[in-house]
Amino acid sequence: MCGIVGYVGKQQGLDIALEALRRMEYRGYDSSGIAIIGDDGGIQSVKRAGQLANLVDKISETGRDHLVGHTAIGHTRWATHGRPTDENAHPHVSFDGKVAIVHNGIIENFAPLREELERDAIEMKSVTDSEVAAHLLARAYNDGETAGDFRASALAVLNRLEGAFTLLFTHADHPGEIIAARRSTPLIVGVGDGETFLGSDVAAFIEFTRDAVELGQDTVVVINSDGYELLNFDGSPAEGRPFTIDWDLAAAEKGGYDSFMIKEIHEQPAAVRDTLAGHFVDGRIRLDEDGLTDDDLRNLDKVYVVACGSAYHSGLLAKYAIEHWVRIPVEIEVASEFRYRDPILDKRTLVIAVSQSGETADTLEAVRHAKAQGARVLAVCNTNGAQIPRESDAVLYTHAGPEIGVASTKAFLAQVAANYIVGLALAQARGTKYPDEITDIWEDLETIPAKIEKLLSCDEKVAQIADTLGAIRTMLFLGRGVGFPVALEGALKLKELAYIHAEGFPAGELKHGPIALIEEDLPVVVIVPSPNGVKVLHSKIVSNIQEIRARGAKTIVIAEDGDTSVEPFANWLIRIPESSSIMQPLLATVPLQFLAADIARHCGNDDIDKPRNLAKSVTVE
Ligand code: M6R
C-alpha cells in the first residue's frame with residue numbers, strides 16, 4: 001500500500017529517492033519521507049505529511065547540504081496505523097539515532113513489541129506499527145548475541161515480526177549497505193552499473209536500469225553498490241528470479257497529458273490490442289500456459305471469479321461471457337467476502353483471480369484459500385511476477401503497461417479482454433463452440449481496439465456535458481445485461497474521482513426501489529444495449545429511460561451509432577461505435593471514464609491521479 005525505495009551507488013541518494021517517490025506516489029500519498037546515510041555514517045531524515053510536494057518544499061526550505069550521501073531510503077505512505085502526520089511518516093529513526101527504516105504492510109504483533117520496548121524505557125515518537133522495527137534493530141545491534149552485527153541483528157528482528165511487510169533497514173555504522181526483506185508485500189531489486197536499487201515496483205528505478213530481480217516470499221536482500229545477496233530468514237542463501245523490464249520510461253511518464261489517468265484512457269486501444277496479441281494462432285485460442293492444460297479445462301465443473309473493485313466488474317463480464325459461451329456455472333465474488341463465506345471448492349473448480357497489481361491482499365488471500373481447498377487457480381494480472389500470479393497455478397498476463405492513475409482504466413479494459421480469452425479457451429477445450437464460431441468471436445474482439453481509438457474523440461462531447469451538468473449531489477448509472485457491470489464501473493469511477501455519491505443498478509431493478517431516488521434534474525446515465533443484440537433488452541431499457549425522464553431525471557444516454565430510438569428521451573446522447581452485445585462494455589466504459597474525470601475537475605478535484613483516501617494497490621485486508 002506504500003511505495004518504498006532504497007539506493008546505494010554512485011549518485012546522490014537524495015536525487016534518486018525523490019525521483020523514485022515521484023514515480024511511486026500513486027501507491028500512497030498521505031505522507032512521504034527520506035533518510036540519507038552519509039558516506040561516513042550519520043543519518044539525516046526528513047519527512048512530511050501530505051503529498052510529496054510538501055516534502056520537496058521542506059527540503060527546499062532547509063537546503064540539501066545536510067542530505068548528502070550515496071545511500072538512501074524513501075517512503076510514500078498510505079496510512080494504516082496512525083493518522084497521516086509528520087510524526088507517523090516514514091522513515092522511522094531508532095532511539096539512538098543510528099537506525100532508519102521504512103516499512104510497507106502491517107506488523108500484526110506490534111502491540112506486544114511496543115510494550116516490550118516501552119518497558120525498556122524506549123520512547124515511541126509515532127503511533128505506527130512500523131516504528132518498533134527501528135528500535136528493535138537498534139537494540140539488537142547494541143546488545144546481546146547479535147551486537148555489532150548488522151546482518152544478524154536484522155535477521156533477529158525479522159524473525160520476531162508477524163504480518164505482512166516490506167522493510168528496509170539502514171544503520172549509521174554501515175553506510176553503503178541496506179538490508180531489506182519482504183513477506184507478502186512487494187520488493188524488487190534493480191541492478192545497475194555501480195549502483196543497486198530497491199523498489200516496491202520497477203517504476204522506482206526504471207530510469208537507471210532494466211535489470212531487475214524478483215524476490216520470493218520471506219526473502220532478505222542485502223545490497224551495496226556492487227550488487228546484492230539474497231538470504232532466507234534463517235540466514236541461508238536464497239534465490240531470486242532475474243528479469244528484464246520491458247516497459248519503456250515513457251510508459252511511466254505522462255507523455256504530454258495532464259494526468260496519468262487521461263493518458264491511460266488514451267492507451268486503451270493498445271492495452272486491449274497487446275493483451276489479445278499472440279492468443280489466437282493457427283485458428284486456435286492459446287491461453288499460453290503450461291499450468292492449465294486442455295484436459296484441466298475439460299475436467300472443471302464450476303468457475304469462480306474473485307477480484308476487487310474494477311477487477312471485480314471485469315469478472316462480472318467474465319460470468320456473462322463464460323456462461324454464454326461455455327455453459328458452465330460461473331460465480332463471481334468480491335475477494336474480501338470469498339474466503340470467509342466457506343465457498344464450495346474442489347479440484348474441479350477453476351478460480352480466476354483478476355488483479356491489475358497482483359498484490360491486492362484480499363485477492364491474494366482468496367487465491368490461498370482456493371488452493372488450500374484443492375481448486376485450480378488462474379491469475380489474470382498486469383504485473384509480471386507479482387505475488388498473485390506467483391501463487392497461482394497459471395497466469396494470463398494483461399499487457400496494459402504500467403497503470404499509475406489510481407482509478408483503473410486501461411487495466412480494466414485489458415482485464416475484460418483477458419477474461420474473454422479465458423472464456424474462449426474454455427469453449428474451445430470443452431467443445432461448446434465450433435472452431436468457426438470461436439474464430440468469429442475472436443475477429444469481433446480484434447475489431448475493438450480500432451473502435452476504442454475512434455471513440456476517444458468523444459472526450460470533447462463528454463466535457464461539454466460535464467460543463468452543463470451543474471452541481472451534482474448524486475448520480476445513478478443504469479444498464480441491462482453486460483451494461484450492468486458497465487454501470488457499476490461508471491459509478492465507481494465517479495465516486496473515486498469526484499467524491500460524489502453514485503450507484504449503478506440493473507435498469508430492471510429500478511422499479512423495485514431505486515426509482516424513489518429520482519427527482520427533478522437528477523443526472524442518470526443509461527447504457528443502452530445494442531439494438532442488434534437481444535431485442536427485448538433494448539426495448540425494455542428504452543422504456544426505463546422514459547420512466548425516469550417522466551419523473552424529472554436528466555438522462556445521459558450512451559447508445560450505439562445509428563440507434564435513433566433513444567433520441568427523444570436523451571438530454572445528452574453519447575454515441576459509441578456499433579458492436580456485438582458482448583463487446584459493448586469495452587466501448588461503453590470509455591465515455592464514463594472521461595465523464596468521471598471531467599466532473600471531478602468541476603468539483604475542484606484536479607489531481608485525478610490521486611483521489612483522496614485511496615492508493616493504487618491495497619496490500620492490507
Ligand atoms: O490491483 P487490483 O486490480 O487487484 O485492484 C483492485 C481494486 O483495488 C481496483 O480495481 C480499484 O477498485 C480501482 N481503484 C478502481 O478504479
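Keep in mind that this is a model prediction, so the values were computed, not measured.

Every one of the 15 residues lining the ligand counts as a neighbour, but S355, Q356, S357, T360 and E496 are closest to it. At a separation of 2.6 Å, an oxygen atom of the ligand approaches a polar side-chain atom of S355. Here a nitrogen atom of the ligand and a side-chain polar atom of E496 are 2.5 Å apart. A total of 410 Å² of accessible area belongs to the ligand in isolation, and the protein chains cover 91% of it. Elements represented by at least two residues in the shell around the ligand include exactly helix 9 (309-326) and helix 17 (483-498). Its residues placed into classes, the shell around the ligand shows five nonpolar, eight polar and two charged.

Our next topic: the packing of helix 1 (residues 13-24) against helix 2 (residues 52-62). Packing of helix 1 against helix 2 leaves a shortest axis separation of 10 Å and a crossing angle of 160°. When the axis of helix 1 is compared with that of helix 2, the two are roughly antiparallel. Every pair of crossing elements has a handedness; the one defined by helix 1 and helix 2 is left-handed. Taken together, the residues of helix 2 that come into contact with helix 1 (itself represented by L14, L18, L21 and R22) are L52, L55, V56 and I59. Within the contact of helix 1 with helix 2, the residues separate by chemical class into seven nonpolar, no polar and one charged.

Before going further, it helps to examine helix 9. Taking 1.5 Å as the rise per residue, helix 9 with 18 residues should run 26 Å; its terminal C-alpha atoms sit 25 Å apart, in good agreement. Of all the 18 residues making up helix 9, 13 are buried; the element is thus mostly covered by neighbouring parts of the structure. Where helix 9 ends, the next residue or the one after it, R327, has phi of about 55°, a positive value.

Okay, the pairing of strand 23 (residues 501-506) next. Summarising the sheet, strand 22 (residues 474-479) and strand 23 pair through six bridges and their orientation is parallel. Counterpart to G479 in the pairing with strand 23 is P506. The parallel pair strand 22 and strand 23, bridged by helix 17, forms a crossover whose chirality is right-handed.

The next point concerns the nonpolar core. If you look at the biggest cluster of nonpolar residues, it comprises 94 residues, and the most contacted ones within it are Y420 and I599. Among the elements that take part in this core, helix 13 (residues 410-430) stands out by supplying 13 residues, more than any other. Per-domain counts for this core show at least three residues from each of domain 2 (264-446) and domain 3 (453-602). Not counting chain neighbours up to four residues away, the residues in contact with Y420 comprise L317, A321, W325, L445, I582, M583, P585 and L586. In terms of nonpolar packing, the next biggest core, distinct from the first, is built from 31 residues, I101, F110, L117 and V157 among them.

With that out of the way, let us pick up the sheet that holds strand 6 (residues 99-107). Judged by pairing direction, the sheet is antiparallel, and its six strands sit side by side in the order 5-6-7-8-12-13 without closing on themselves. Whereas interior strands pair on both sides, the edge strands pair on one side only; in this sheet they are strand 5 (92-93) and strand 13 (227-232). By the bridge criterion, two bridges tie strand 5 to strand 6 in an arrangement that is antiparallel. Residue pairing across strands places V93 opposite A100, the latter belonging to strand 6. Along the sheet, helix 4 (residues 131-142) makes contact with strand 5, strand 6 and strand 7 (163-171), crossing strand 6 at roughly 135°. Each of strand 7, strand 8 (178-183), strand 12 (219-224) and strand 13 touches helix 5 (residues 150-158); the most contacted strand, strand 7, lies at about 160° to it.

In spatial order, the strands read 23-22-24-25-26; together these five strands make up an open sheet with parallel pairing. The open sheet is flanked by strand 23 and strand 26 (572-576), the only strands paired with a single partner. Adjacent strand axes in the sheet meet at a mean angle of 20°, parallel and antiparallel pairs treated alike. Two elements, strand 22 and strand 24 (residues 523-527), share three bridges in a ladder whose sense is parallel. From the neighbouring strand, L478 faces strand 24, where its bridge partner is V526. Strand contacts of helix 16 (residues 459-469): strand 24, strand 25 (554-560) and strand 26, with the helix running at about 160° to strand 26, the strand carrying the most contacts.

Our focus in this paragraph is the side chain of D598. Position of D598 relative to the elements: it lies in helix 19 (residues 585-602). We note that D598 is buried and unpaired, the nearest opposite charge coming from R601 at a distance of 4.7 Å. At 3.4 Å, the side chain of D598 and the backbone nitrogen of A463 are in polar contact. With residues up to four places along the chain from it excluded, the contact list for D598 reads D459, V462, A463 and A466.

With that settled, the discussion passes to the UniProt feature "active site" (unreviewed entry) in the chain. UniProt's feature table lists "active site" (unreviewed entry) at C2 and K616, given in the numbering used throughout. Taken along the chain, the residues just named run across 615 residues; in space they keep tight, none of their C-alpha pairs more than 9.1 Å apart. Mapping C2 onto the fold places it in the segment before strand 1 (3-8). Its relative accessible area of 6% is what places C2 among the buried residues. When neighbours within four sequence positions are excluded, C2 is seen to be in contact with R27, H75, T76, R77, W78, H103, N104 and S200. By secondary structure assignment, the location of K616 is in the segment after helix 19. Relative accessible area serves as the criterion here: at 12%, K616 is assigned to the buried category. In this structure, K616 is in contact with Y26, R27, Q356, E403, I404, G405, V406, A407 and S408, ignoring residues within four places of it in sequence. Separated by 2.6 Å, the side chains of K616 and E403 make a polar contact.

What counts and how
Residues numbered from 1 in each chain as written. Predicted model: local features only at pLDDT ≥ 70, side-chain atom pairs only at ≥ 80, totals over all residues. Heavy atoms only, no water. Near = heavy atom within 4 Å. Polar contact = N/O pair within 3.5 Å; in protein donor to acceptor, adjacent residues only side chain to side chain. Areas by Shrake-Rupley, 256 points an atom, 1.4 Å probe, with all protein chains shown as cover. Helix = DSSP H or I, 4+ residues; strand = E, 2+ residues; numbered from the N terminus. Nonpolar A, V, L, I, M, F, W, Y, C, P; charged D, E, K, R; others polar. Axes fitted to C-alpha atoms, helices over the stretch in contact; angles between N-to-C directions. Parallel < 35°, antiparallel > 145°, perpendicular 65-115°, else oblique. Left-handed = near helix turned anticlockwise from the far one by under 90°. Contact = heavy atoms within 4.5 Å. Expected span 1.5 Å × (residues − 1). Buried < 20%, exposed > 50% of the residue type's maximum accessible area, 1.4 Å probe, protein only. Pairing = 2+ DSSP bridges. Right-handed = clockwise from strand over helix to strand, strands pointing away. Core = buried A, V, L, I, M, F, W, Y, C linked by side-chain atoms within 4.5 Å. Domains from an automatic or database assignment. Lys, Arg positive; Asp, Glu negative; His and termini not counted. Salt bridge = Lys/Arg side-chain N within 4 Å of Asp/Glu carboxyl O. UniProt positions renumbered as here; feature names shortened; annotations may be inferred.

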